[in-house]
Amino acid sequence: MAASKATVNQQIAGGTTVAPAAIAGGSPFEPCVWGDFFRSEEWMRERADELKGKVRQMFGADRATSVAGMVNLVDELERLGVDDHFREEINAALSRIHSEELDAGMSTNLHVVALRFCLLRQHGFWVSTDVLDRFRDETGSFREDLKSDPRGLLSLYNAAHMSVPGEATLDDAIAFARRHLEAAIGKLGSPMARQVSRALEIPRPRFMRRLETMRYIFEYEQEEAHDATLLELARLDFNLLRALHLEELRTLSLCWRDLYSDVKLTYARDRIVESYFYNFGAFHEEENSRIRIIVPKVFVLIGLMDDTYDVRATMEECQMLDETIQSMYVIIICGWNESAASFLPEYLRVLYIKTPSNFNEIEDTMEPCEKYRMAYIKKQFKSQLKYYLQETKWFNENHVPGFKEHVDVTLMSTGVPFLFFVALMAAGQVVSKEAFEWAFGVPDMVRASGEMGRFLNDIASYKRRKNMKDVASTVECYMKEHGATGEEAVAAIGAMVEQAWRRINRAYMEMDRAVEPAARWLLDMTRMLEIYYLHGRDGLTYGRDIKDLVAFLFLEQAPL
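Looking up the protein in an unreviewed UniProt entry gives the name (S)-beta-bisabolene synthase-like, with the organism given as Panicum miliaceum.

Written out as structure tokens, the structure reads:
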């Protein structure tokens, strides 16, 4: 398409003409240069439905008769971002992949064995590391001849990051694969070099799914064995969804402009795009539109509160705001008492009044059978302010708490668990009451995600403090408690991030399947933390850190 447009431009600039004989059908005019670029949404949806039918046939076709073929098909659907259209077929395929062994020809193929291991663990199936023993020598080390198989090494590296605490085999696999991939990357062609580089930054099981889709759509076409049907469906689906995402972002931006103008808290972060991006990355599917609208609204609201405690309010004002909210039992039962705002400083009154009105607007979007969840959210919101107040007390008392005490408070003050609760509230009947109550019990999987949010944020801010009233970070608490240098503390906390991921993996594979949908969303929200804090950046506080990435995902066209 680009070449066609270039030809037209050259003809216009140079005054050349196209010979009538060269025009199809004898027309004196050149054919349309835009092709399918501006197809209507109706056409794209009809074409996508047609392609979905063809993909469903693949599950019973020749390419899916072997376990290896099924593994590759499911993997391609997930990487191309269209797996949500084939949930029943994929679930049936995964059961088969788990129950059947690879045939003899594929059981020694490192790429297929590692990909099967990774795929099953990512979907909550337990697979023993024994399946990797065939790739180890008599000393127990991974065979050196594997270094000539970069595709297999990449799959092994990604699979090994599905480890749980104590799996030494996968520790060895990570070190082995990383060493050889780093040595080979300069010799690899495209797109393998890009995929290896991406994985060495963030392994695929921890990578933002929507970003992987955007990258892979461009890379998949370069693979010899790519399937044209899957590629076209992925492009159509991506563009259809992006149109919806952009409309949502426009709506949210207008709502945020009104709120930000009303509260007039100019010291607070103006981050609606970054807030939407966080939720878009975890809940990109069309049916999750309500989550993508509601969670950012709450995200920016607690951001206003957080920045008020951290940046502007005095200790006395923080206590006054907290007492005004905490003393109001009627918040949960009957609503908010706006008259209490008369006791607050002027600059906090509008914020206080706007808070219940925003919660009420959210509650109005919920079905009667869902409204009970709002009581959980309001109660948790009150707790969120308690965590902010505790941090303010530590700062004002110049107190550096013990490492565990700090983590217990600040993993919650990150807002990561709270935003997860809000997402479940907004999810409707997809999430069961059992799953909702599981999450509010703050099980280890939720705690580990919150710890990651705290640790990655503190590593990023150790040398790049966000504001003058920041409480001592976990890095500084660790330094004081262990007599460590800053570099040693950062390394130790980085290791805790790794262990948190492994705890999440273990919890996901051990959990009751009734709460699996909620846990899967928590996984995706945790993956977003890796993107926000990659290489020590802070994409929420410093929006410029992820500006190019947001522009790439929302504005780059996936051509048809």
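Now that the structure has been shown, we can carry on.
J.: Explain the confidence of the model for the protein residue by residue, including any values.
T.: For the protein, per-residue confidence averages 88 on the pLDDT scale, and residues scoring 70 or more make up 88% of the total. Contacts for the low-pLDDT stretch residues 1–24, under 50 throughout, to residues beyond four places or in other chains number 20 contacts. This model gives residues 329–334 a pLDDT under 50, and the stretch forms 8 contacts once residues within four places in sequence are excluded.

J.: So what's going on with unusual backbone geometry? Residues and values would help.
T.: Here S190 and P191 are connected by a cis peptide whose omega angle stands at 10°. Relative to the helices and strands, P191 is located in the loop between α7 (168–184) and α8 (192–201). Non-glycine residue N398 carries a positive phi angle of around 55°. Position of N398 relative to the elements: it lies in the loop between α16 (372–396) and α17 (403–413). Judged by relative accessible area, N398 falls into the exposed class, the value being 71%. Here the phi dihedral of V442 falls at roughly 50°; this positive angle occurs in a residue that is not glycine. Position of V442 among the secondary structure elements: in the loop between α19 (433–440) and α20 (444–461).

J.: A description of the side chain of D75 should follow, citing residues and the corresponding values.
T.: Position of D75 relative to the elements: it lies in helix α3 (residues 67–79). Its relative accessible area of 7% is what places D75 among the buried residues. Sequence-distant contacts of D75, that is, excluding residues within four places in its chain, are made with L115 and R204.

J.: Any chance you could break down helix α13 (residues 315–326) for me, citing the residues and the numbers?
T.: Along its 12 residues, α13 runs 16 Å from first to last C-alpha, staying within 8% of the 16 Å computed at 1.5 Å per residue. Of the positions making up α13, those classed as buried are M315, E317, C318, L321, D322, T324 and I325.

Cut-offs and rules
Residues numbered from 1 in each chain as written. Predicted model: local features only at pLDDT ≥ 70, side-chain atom pairs only at ≥ 80, totals over all residues. Heavy atoms only, no water. pLDDT = per-residue confidence, 0-100. Contact = heavy atoms within 4.5 Å. Helix = DSSP H or I, 4+ residues; strand = E, 2+ residues; numbered from the N terminus. Buried < 20%, exposed > 50% of the residue type's maximum accessible area, 1.4 Å probe, protein only. Expected span 1.5 Å × (residues − 1).

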